[in-house]
Number of protein chains: 2
Amino acid sequence: MKIGRLSLTDQIVAELRRRIVSGELPAGAPLRQERLAAELGASRVPLREAIRHLEAEGLVSTEIHKGTIVSSLSPAEIEELFEIRVQLETWLFALAVPRMTEADLALAEAVTAEASASGDPSNWGALNWRFHAALCAPSGRDQAMKLLRGVHDNAMRYVNLQLAVAMDVERELVDHRQLLAFARLGDAAGGAALLRQHIETVASNLVASIDGERRELDARAGAA
Amino acid sequence: MKIGRLSLTDQIVAELRRRIVSGELPAGAPLRQERLAAELGASRVPLREAIRHLEAEGLVSTEIHKGTIVSSLSPAEIEELFEIRVQLETWLFALAVPRMTEADLALAEAVTAEASASGDPSNWGALNWRFHAALCAPSGRDQAMKLLRGVHDNAMRYVNLQLAVAMDVERELVDHRQLLAFARLGDAAGGAALLRQHIETVASNLVASIDGERRELDARAGAA
DNA sequence: GTACCGAATATTGTATTCAATCGAGCCGCC
DNA sequence: GGCGGCTCGATTGAATACAATATTCGGTAC
């Protein structure tokens, strides 16, 4: 029983979002309609509709008669996305903690275990989201979760491209386990504080890494 | 010199959003593609792209082969949108207060004056946004402002339909002037507290009004 | 009289086609 | 030799045409 079949457009949205968030389509990459449509086995019309959807989400940006590119955020904008995450996630987490059931905790633990086991960094962004979502979802704030998901996706694609941050995956897992411990104890305030610090740490590592890379590129450009 | 020409799709998005937020297209109203396209003087293709854009924003929802309707939020979901506004706006306001220039304050005052003068309730939602945006924009958090705008739009269309709340416009203006006073004094904490209370008051009035209307409808349905 | 089935119709989903615009490379002119 | 304009190819924007699906209304059997 397929309860809700997906339109072709929706499938394309999901696929493109996956490619963008995973870094397969890096920031600045152009989305050629004819080629992409052929590659996805569809016509240009549903592809264009999908692009409009992603545009509204902020993942791509279109200039009229020039085409669509994966939108590229400045370090300041990336940092801002993490700030937003801090605001929303700490709030949702604090709401979620007292409502968490054993099943919720088990789910979060399962995701953590999966992340520990899988060394594949390419789907780490998705796992990270699933963990954070599992922590916040019991808040019951579905609208906020939808918003948060957009912010998370938009930020995570930069994380996926930064190996320096990816190498810190061990440290992140430690944080995640500790967050789980706070949740288990019902300590919303303590957990929220750690969550804030956790997100801020990832953000500053990421921005530092991007800045470093940018400096390197500038240096090369200067030398050339 | 027209620097940024708009695609037909973008124009349609703006027009449809206006109609939805203003209440001209109430929640639940179906969007018939052929009719709308003819009415807007365009073909179905750009209209469909516009609909996909609005769908990503959460203003409409589409069911495959059944059509698109203006999305209708439950009272709980509406309340949640206001909760999100509280979280984001109090944060942004507190950031904005120390950065406000005289020009920012003047702008906010001008909007308040305009709102006092104009008795037209139909564009009151837009004015309300302009005021709240003026208070938060100096924070410099453009990404968050974009998010907040979406939330505000989505919530405001219900306000526009509720005369009981619209009648409280005087009280709201009092709050707005008081918020301005806090901003002028540089009292971020005091202003944020008032802002929180302000939004929560509007939310509870609105939800109460919607609940009342719904009960009335149920009663009629029961009588029939 | 009611419930179920089926054809007709309306509406959406997708593909194909045509039109408008932009960018690159070439040519002529200064 | 450099610069401006121009033509051509490529790409997107928009419209038309076709296919698939759902709703509705009428009819028939029970």
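Per chain, residues are indexed from 1 in the order of the written sequence. All chains are assigned letters beginning with A, and all ligands numbers beginning with 1, in the order in which they are written. Restriction of local features to residues with pLDDT of at least 70 applies here, the model being predicted, together with a cutoff of 80 or more for giving and counting side-chain atom pairs; totals for whole chains, interfaces and linings are based on all residues.

Participant: Describe the overall build of chain A, with residues and values.
Facilitator: Along the backbone of chain A there are 10 helices and three strands. By definition, residue pairs are in contact when their C-beta atoms, positioned from the backbone, come within 7 Å. Once local pairs closer than 6 in sequence are excluded, the contacts in chain A between residues at least 24 apart make up 74%. Each helix is a run of H or I in the DSSP string that is no shorter than four residues. Each strand is a run of E no shorter than two, and both are numbered from the N terminus.

Participant: Which residues make up the relation of the copies chain A and chain B, and what are the values?
Facilitator: For the pair of chain copies, the relating transformation is a rotation about an axis with a translation along it. Once chain A has been moved 0.1 Å along the axis and rotated by 180°, it coincides with chain B to within an RMSD of 0.3 Å. A rotation of that kind, with that shift, is consistent with a two-fold axis. In this assembly the copies share their binding face: 100% of the residues contributing to the interface of chain A also contribute to that of chain B. Only residues with pLDDT of at least 70 in both copies count here: their C-alpha atoms drive the least-squares fit that superposes the copies.

Participant: If you had to explain helix α5 (residues 102-117) of chain B to someone new, which residues and values would you point to?
Facilitator: All names here are of chain B. The length a helix should cover is 1.5 Å for every residue beyond the first. Helix length check: α5 (16 residues) gives 22 Å between terminal C-alpha atoms against 22 Å at 1.5 Å per residue, within 8%. For every residue, the other C-beta atoms within 10 Å of its own C-beta are counted; 20 or more classify it as buried, 12 or fewer as exposed, and values in between as partly exposed. C-beta atoms are placed from the backbone. Within α5, burial applies to Ala108, Val111 and Ala115. Along α5, the residues classed as buried sweep out an arc of 60° about the axis, all on the same side. Exposed residues pointing more than 90 degrees away from the buried face of α5 are listed as Glu102, Ala103, Ala106, Ala113 and Ala117. On its buried side, α5 packs onto α6 (124-136) and α9 (169-185). Our arc is simply the arc of the directions from the helix axis toward the C-beta atoms.

Participant: Quick one: what's the story with the interface of chain A and chain B, residue by residue and with numbers?
Facilitator: Each side of the interface is counted separately: chain A has 23 residues, and chain B has 23 residues. Elements with a contribution of two residues or more to the side of chain A that touches chain B: α3 (44-57), α4 (75-96) and α7 (142-161) of chain A. In this classification, Asp, Glu, Lys and Arg are treated as charged, Ala, Val, Leu, Ile, Met, Phe, Trp, Tyr, Cys and Pro as nonpolar, and every other residue, Gly included, as polar. Tallied by class, the residues present in the side of chain A that touches chain B amount to nine nonpolar, five polar and nine charged.

Participant: Describe the packing of α4 of chain A against helix α7 (residues 142-161) of chain B, with residues and values.
Facilitator: Packed helices, taken two at a time, are described by their axes: the angle between them and the distance between them. Under this scheme, a helix contributes an axis fitted over its contacting stretch, all axes are lines through C-alpha atoms, and angles between N-to-C directions fall in the 0 to 180 degree range. Where α4 of chain A meets α7 of chain B, the closest approach of the two axes is 8 Å, and the angle between their N-to-C directions is 50°. In terms of orientation, α4 of chain A and α7 of chain B fall into the oblique class. Contacts between α4 of chain A and α7 of chain B involve Glu77, Glu80, Leu81 and Ile84 of chain A from the first element and Gln143, Ala144 and Leu147 of chain B from the second. Of the residues contributing to the contact of α4 of chain A with α7 of chain B, the split by class is four nonpolar, one polar and two charged. By definition in this entry, angles of less than 35 degrees are roughly parallel, angles greater than 145 are roughly antiparallel, angles of 65 to 115 are roughly perpendicular, and the rest are oblique.

Participant: Account for the sheet that holds strand β2 (residues 60-63) of chain A, naming residues and giving values.
Facilitator: All names here are of chain A. The strand order across the open sheet formed by three strands is β1-β3-β2, and the pairing between neighbours is antiparallel. Because the sheet does not close on itself, it has two edges, and the strands there are β1 (30-31) and β2. Relative to strand β3 (residues 67-70), β1 runs antiparallel, the two sharing two bridges. Paired with Leu31 across the two strands is Thr68, which belongs to β3. Two strands make a pair as long as DSSP finds a minimum of two bridges between them.

Participant: Can you explain the confidence of the model for chain A? Please cite residues and give values.
Facilitator: Close inspection of predicted coordinates is inappropriate in any region flagged by low pLDDT. A residue's pLDDT is the confidence the predictor assigns to it, expressed on a 0 to 100 scale. Considering every residue of chain A, the mean pLDDT works out to 89; 92% of them sit at 70 or more. Taking the mean pLDDT of every element in chain A, the minimum, 60, falls on helix α8 (residues 163-166) of chain A and the maximum, 97, on α4 of chain A.

Participant: Break down the domain arrangement of chain A for me, with residues and values.
Facilitator: Residue and element names in this part refer to chain A. With domains assigned, chain A is organised as domain 1 (8-70) and domain 2 (75-219). Where each domain begins and ends follows an automated or database-derived domain assignment. Each of domain 1 and domain 2 was reduced to a C-alpha centroid, and the two centroids are 26 Å apart. A per-element tally of the side of domain 1 that touches domain 2 places helix α1 (residues 8-22) first, with four residues. By residue class, the composition of the side of domain 1 that touches domain 2 is four nonpolar, three polar and two charged.

Participant: Before we move on, could you go through the sheet that holds strand β2 (residues 60-63) of chain B and cite the residues and values that matter?
Facilitator: Residue and element names in this part refer to chain B. The strand order across the open sheet built from three strands is β1-β3-β2, with neighbouring strands paired in antiparallel fashion. With one partner strand each, in any of the chains shown, β1 (30-31) and β2 form the two edges of the open sheet. Contacting β1, β2 and β3 (67-70), helix α3 (residues 44-57) crosses the sheet at an angle of about 115° to β2.

Participant: Give me the lowdown on the protein's contact with DNA strand C, citing residues and values where you can.
Facilitator: In the vicinity of DNA strand C, 18 residues are found, and the nearest of them are Leu8, Ser43 and His65 of chain A together with Gln33 and Gly67 of chain B. Of all the secondary-structure elements, those providing two or more residues to the surface near DNA strand C are α1 and α3 of chain A together with α2 (33-40) of chain B. No other element matches the three residues that α3 of chain A contributes to the surface near DNA strand C. Residue proximity rests on one test: whether the C-beta atom, placed from the backbone, lies within 6 Å of the molecule or strand.

Participant: So, the environment of Thr201 of chain A: which residues are in play, and what are the values?
Facilitator: Residue and element names in this part refer to chain A. Following the sequence through the fold, Thr201 ends up in helix α10 (residues 188-223). According to the C-beta neighbour criterion, Thr201 is partly exposed, with 16 such atoms within 10 Å. A C-alpha to C-alpha distance of 38 Å links Thr201 and Lys66, two positions 135 residues apart in sequence.

Participant: Quick one: what's the story with the pairing of β2 of chain B, residue by residue and with numbers?
Facilitator: Residues and elements named next belong to chain B. Sheet topology note: the β2/β3 ladder contains four bridges and is antiparallel. Residue pairing across strands places Val60 opposite Val70, the latter belonging to β3. Linking two consecutive strands that pair antiparallel, namely β2 and β3, is a turn of three residues; a positive phi of about 60° is found at His65 within it.

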